[in-house]
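Listed here are the chains, written in short residue letters.
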Amino acid sequence: MALPGMPKKFKLLITFDRIIIKYAMPTPKDHTRRKFITNLSLSTAAIMTTPYLTKAANFLKTDDSYNVGQIMDMFIKIVPNAPFASTVDTLKAGSRDTVVGGIVTTMFPTIGVIKKAISLNANFIVAHEPTFYNHTDDVSWLQNDDVYQYKADLLKKHNIAIWRNHDYIHSLQPDGVTTGVVAQLGWKQYQKSAAMFAINPSIMLSELINHAKKQLNIEKVRYIGDLSQPCTNVLLMVGAAGGQRQISAISTLKPDVLVCGEIAEWETAEYVRDAQSEGRKLSLVVLGHIASEEPGSEFMRNWLQERLPGMKITHVPSGNSLSFA
Ligand SMILES: [Zn+2]
């Protein structure tokens, strides 16, 4: 899909999490790959886009060490139309050449998560969300900020590399984060499309909420609706999809309930309230952004562990930032 005025070489990919603008690039000749694959020609290496073949290629490595760039490339190679010319999935600390001693996967690379990584002797953090409080991790406005300085110094002192894996994991087919969430909810058998689920037999809204809380380790959720409403058709939109996309999806897919990560109160919540006033049976459950996507970091841990069997890889949940009074 393209936007008016957008050059043809750009594709607009709408995921249920965010909008990603992709640029279809030819696969570049990869210098890092040459270092760790000894007996494969580049043309053979080009077919190494399936997990199976990537795994097989590991046996051809000359030693057991990996650097940050090799591990990043290993994942990027399985993503359709990757690498992307425009992406937020860049290194936020450290360098591609850092030899990896251990890996931590997480939603947010908080100072707490970084300290946990240090205690685990892990020097590579694969995070889903920003390190420095804005989508592109622009730090120019933070140069005089104490919190930023402390975090940046901590990373530097312990030589920790952080890679954000957001656009790439969401661009897997199917979306890696949603795959992790669906597995944790135990809803695979109900899945009808990327985001729609038909729960059979139907469950009451209260049961759905309790199930989500238990499976995703959530203390409390916010919701709109009648707790005794039967729910069959569930629209699941993890993360912060944005009001217009949440409302458009409700309008098109007509679910009984939208289960999402995060809303703007003045957008989706007001739409759901008006839909109820109009007589529709529509509910809303807000899980919290972190809780709704943390299973994606578990997915990432498992993906890496399968391919790097000798590496210590730990999923460290970043936990909820907000408490309920
Ligand atoms: Zn996400």
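Residues numbered from 1 in each chain as written. Predicted model: local features only at pLDDT ≥ 70, side-chain atom pairs only at ≥ 80, totals over all residues. Heavy atoms only, no water.

### Observations regarding the overall build of the protein chain
And step 1. Within the protein chain one finds 12 helices and 12 strands.
And step 2. Here the protein chain, with 325 residues, has 48% of them falling under the buried criterion.
And step 3. Considering only contacts in the protein chain between residues 6 or more positions apart, those separated by 24 or more positions represent 68%. (Helix = DSSP H or I, 4+ residues; strand = E, 2+ residues; numbered from the N terminus. Buried < 20%, exposed > 50% of the residue type's maximum accessible area, 1.4 Å probe, protein only. Contact = heavy atoms within 4.5 Å.)

### Regarding a nonpolar patch on the surface
And step 1. A surface patch of nonpolar side chains, amounting to about 340 Å² of accessible area, comprises Tyr-133, Trp-141 and Val-147.
And step 2. Tracing the backbone shows Trp-141 in the loop between strand S5 (124-127) and helix H6 (146-157). (Patch = residues over 30% accessible without salt bridge, like charges linked within 9 Å, V, L, I, M, F, W, Y side chains within 5 Å. Areas by Shrake-Rupley, 256 points an atom, 1.4 Å probe, with all protein chains shown as cover. Salt bridge = Lys/Arg side-chain N within 4 Å of Asp/Glu carboxyl O.)

### As for the side chain of Thr-178
And step 1. As for its placement among the helices and strands, Thr-178 is situated in helix H8 (residues 176-185).
And step 2. Beyond its immediate sequence surroundings of up to four residues, Thr-178 is in contact with Ala-194 and Val-238.

### Quick word on the coordination of the zinc ion
And step 1. Surrounding the zinc ion are the protein donor atoms His-128 (NE2), His-170 (NE2), Glu-293 (OE) and Glu-293 (OE), which sit 2.1 to 2.6 Å from the metal.
And step 2. Here the zinc ion binds four donor atoms, and the angle range of 54 to 150° at the metal identifies the geometry as irregular.
And step 3. Exposure remark for Glu-293: the relative accessible area of 1% places this residue in the buried category. (Donors = N, O, S within 2.8 Å, 3.2 Å for Na, K, Ca; no water. Tetrahedral: all angles 85-135°; square planar, octahedral: opposite > 155°, others 65-115°.)

### Comments concerning H8
And step 1. Where burial is concerned, most of H8 is hidden: seven out of the 10 residues are buried.
And step 2. Along H8, the residues classified as buried are Gly-176, Val-177, Thr-178, Gly-180, Val-181, Val-182 and Leu-185.
And step 3. Residues of H8 that are buried in the fold lie against helix H7 (167-171), strand S7 (196-204), helix H9 (205-215), strand S9 (230-237) and helix H12 (289-307).
And step 4. For H8, the N-terminal cap is Asp-175; the gap from its side-chain oxygen to the backbone nitrogen of Val-177 is 2.7 Å.
And step 5. With its phi angle positive at about 70°, Gly-186 sits one or two positions after the end of H8. (Polar contact = N/O pair within 3.5 Å; in protein donor to acceptor, adjacent residues only side chain to side chain.)

### As for the confidence of the model for the protein chain
And step 1. Looking at the protein chain, pLDDT values average 86 and 81% of them are 70 or higher.
And step 2. Low pLDDT (under 50) marks residues 1-16, which in the prediction has 34 contacts with non-local residues, meaning those over four places away or in another chain.
And step 3. Here residues 19-60 scores under 50 on pLDDT; set against residues more than four positions off or in separate chains, the count is 69 contacts. (pLDDT = per-residue confidence, 0-100.)

### Considering helix H11 (residues 265-277)
And step 1. Helix length check: H11 (13 residues) gives 17 Å between terminal C-alpha atoms against 18 Å at 1.5 Å per residue, within 8%.
And step 2. Of all the positions in H11, only Thr-268, Ala-269, Val-272 and Ala-275 are classed as buried. On an axial view of H11, the arc spanned by its buried residues comes to 120°, and they lie on one face. Residues of H11 that are exposed and angled more than 90 degrees away from the buried face: Glu-265, Trp-266, Asp-274 and Ser-277.
And step 3. Buried residues along H11 sit in contact with strand S8 (222-224), helix H10 (243-253), strand S10 (257-260) and strand S11 (283-286).
And step 4. Looking at the residues trailing H11, positive phi occurs at Gly-279, about 105°. (Expected span 1.5 Å × (residues − 1). Arc of directions from axis to C-beta.)

### Topic: the sheet that holds S7
And step 1. Taken together, the five strands give an open sheet; going across it, the order is S7-S9-S10-S11-S8, and neighbouring strands pair in mixed fashion. The sheet terminates laterally at S7 and S8, the two strands that pair on one side only. Adjacent strand axes in the sheet meet at a mean angle of 20° when their direction is disregarded.
And step 2. As judged from the three bridges shared by S8 and S11, these two strands associate in the antiparallel manner. If you follow Ile-224 over to S11, its bridge partner there is Leu-284.
And step 3. Seen against the sheet, H9 touches S7, S8, S9, S10 and S11 and runs at an angle of roughly 115° to S7. (Pairing = 2+ DSSP bridges. Axes fitted to C-alpha atoms, helices over the stretch in contact; angles between N-to-C directions.)

### Some details on the pairing of S11
And step 1. Both faces of S11 are covered, namely the face carrying Ser-283 and Val-285 and the face carrying Leu-284 and Val-286.
And step 2. What joins S10 to S11 is H11, and the crossover it makes is right-handed. (Right-handed = clockwise from strand over helix to strand, strands pointing away.)

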